[in-house]
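# Architecture at a glance
The residues making up each chain are set out below.
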Amino acid sequence: MSNVMIFDHPMIQHKISLMRDKETPSKVFRELVSEVSMLMAFEVTRDLPLEAYEIETPICPATGYRILGKKLALVPILRAGLGMVDGMLNLVPMARVGHIGLYRDPETLLPVDYYLKLPPDIAERDVILLDPMLATGGSAAAAITLLKERNIHHIKFVCLIAAQAGIDLLNREHPDVPIFAAALDETLNDHAYIVPGLGDAGDRLFGTK
Ligand code: PRP
Ligand code: URA
C-alpha cells in the first residue's frame, strides 16, 4: 500500500458521506465532488518544487518561496472525471486540461476508449489523472496505458472512492503511479459497483438516471 494515500481528514470524510447518501441531489453532489477535489489537490501537489527568492517585507529583507514553474496537466476520464476538474483548477489554475473518453462495457466490464485530446506538450508535464471511481481498476489502468504510450511517465491518479480490487490492479499494472483516494471501500458487487460506494458517479453528476 506504500504508493496509496487515503485521506482521513474529517472535512473530506464528512463530504464523502453526503455524496454517498442516495438522497443527495445532482446539484449538491456536483458541488461536493468539486469541493473534495479541491481539498485533495493540496496533498496531491505537496511535492511541487519550490525556489527561494528575495523579498522585502515592510520590516526587513526576507527569503520567500515560489513554486518552480512546474508544468501540470489535469486529465479527467470522461464522463465522471469532469466533475473533479474545476475543484482542482481552483488550486492549480495554470494547469492544462486533456480528456480521455472511456466507458466500462456493462457486459464485459472492460474499458472501451472513444476519445482522446491532450495538450501538445503533455510529455513535459506532470499529469494528474482524475476519475471519482476506482472499481475493478480497468478504466484507470487503460487510461494510464494510453498516457504512457504517448511518452507520459509522471502520472498521479486521483479518485474519490477506491475499491481494494482497483488498487491491486493498478499496483500490479502501474506500480510507478501513486494513487490518492478520499475513501477506501471493501468490495464490489456482482455488477462491479463499489460497495458501499456512491452508485454511478457519472449518472449522479449529470442526472442521467
Ligand atoms: C465509471 C467511472 C470509472 C469506471 C470505474 O465510468 O467513472 O471510469 O466506471 O470502473 P472500473 O474501475 O471498473 O473500470 P463509466 O464506465 O460508468 O462511464 P461514464 O463516466 O461515462 O458513465
Ligand atoms: N463506476 C461507478 O460510477 N460506480 C461504481 O461503483 C463503479 C463503477
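Residues numbered from 1 in each chain as written. Chains lettered and ligands numbered in written order. Predicted model: local features only at pLDDT ≥ 70, side-chain atom pairs only at ≥ 80, totals over all residues. Heavy atoms only, no water.

The next subject is the overall build of the chain. Assigned secondary structure in the chain consists of six helices and 13 strands. C-alpha extents for the chain along the principal axes are approximately 65 × 40 × 30 Å. Surface exposure of the chain reaches about 11,000 Å², of which carbon and sulfur atoms provide 56%. Mean positive and mean negative side-chain charge positions of the chain (20 and 27 charges, respectively) differ by 4 Å. (Helix = DSSP H or I, 4+ residues; strand = E, 2+ residues; numbered from the N terminus. Areas by Shrake-Rupley, 256 points an atom, 1.4 Å probe, with all protein chains shown as cover. Lys, Arg positive; Asp, Glu negative; His and termini not counted. Charge placed at Lys NZ, Arg CZ, Asp CG, Glu CD.)

All right, on to the pattern of salt bridges then. Applying the stated rule across the entire model yields 13 salt bridges. In this structure, K71 engages D121 in a salt bridge whose closest nitrogen and oxygen atoms are separated by 3.6 Å. Here the residue K71 occupies a position in the loop between β3 (61–67) and β4 (72–78), and D121 occupies one in the loop between β7 (111–117) and β8 (126–130), the gap between them amounting to 50 residues. Owing to a relative accessible area of 18%, D121 belongs among the buried residues under this scheme. (Salt bridge = Lys/Arg side-chain N within 4 Å of Asp/Glu carboxyl O. Buried < 20%, exposed > 50% of the residue type's maximum accessible area, 1.4 Å probe, protein only.)

Time to look at the site of ligand 2. Ligand 2 sits among R104, M133, A135, A192, Y193, I194, G199, D200 and A201. At a separation of 2.8 Å, an oxygen atom of ligand 2 approaches a polar backbone atom of I194. A201 is positioned with one of its backbone polar atoms (N or O) 2.8 Å from an oxygen atom of ligand 2. Summarising the interface, the protein chains cover 87% of the accessible area of ligand 2, which totals 240 Å² for the free molecule. Each residue belonging to the shell around ligand 2 can be placed in one class, and the counts come to six nonpolar, one polar and two charged. (Near = heavy atom within 4 Å. Polar contact = N/O pair within 3.5 Å; in protein donor to acceptor, adjacent residues only side chain to side chain. Nonpolar A, V, L, I, M, F, W, Y, C, P; charged D, E, K, R; others polar.)

Before going further, it helps to examine the nonpolar core. I16, M19, M40, V158 and L160 are the most contacted members of the largest nonpolar core, which totals 35 residues. Mapped by element, the contributors of at least two residues to this core are α1 (10–20), α2 (26–44), β4, α3 (85–91), β8, β10 (155–163), β11 (179–185) and α6 (201–206). Considering every element that reaches this core, the biggest residue donor is α2, with seven residues. In this view, M40 contacts F7, I12, V158, C159, L160, F180, A181 and A182; residues no more than four positions away in its chain are not counted. (Core = buried A, V, L, I, M, F, W, Y, C linked by side-chain atoms within 4.5 Å. Contact = heavy atoms within 4.5 Å.)

To continue, consider the site of ligand 1. Close to ligand 1 lie 14 residues; R79, R104, D131, T136 and S139 are nearest. R79 is positioned with one of its side-chain polar atoms (N or O) 2.8 Å from an oxygen atom of ligand 1. Within the backbone of A135, a nitrogen or oxygen atom sits 2.9 Å from an oxygen atom of ligand 1. When residues of the shell around ligand 1 are traced back to their parent elements, those giving at least two are β6 (99–104), β9 (133–134) and α4 (138–149). Within the shell around ligand 1, the residues separate by chemical class into six nonpolar, four polar and four charged.

With respect to the helices and strands, D203 occurs in helix α6. You can call D203 buried: its relative accessible area is 11%. Looking at D203, its side chain comes within polar contact range of the side chain of T208, at 2.5 Å. The contacts of D203, once residues within four sequence positions are left out, are S26, R79, T208 and K209.

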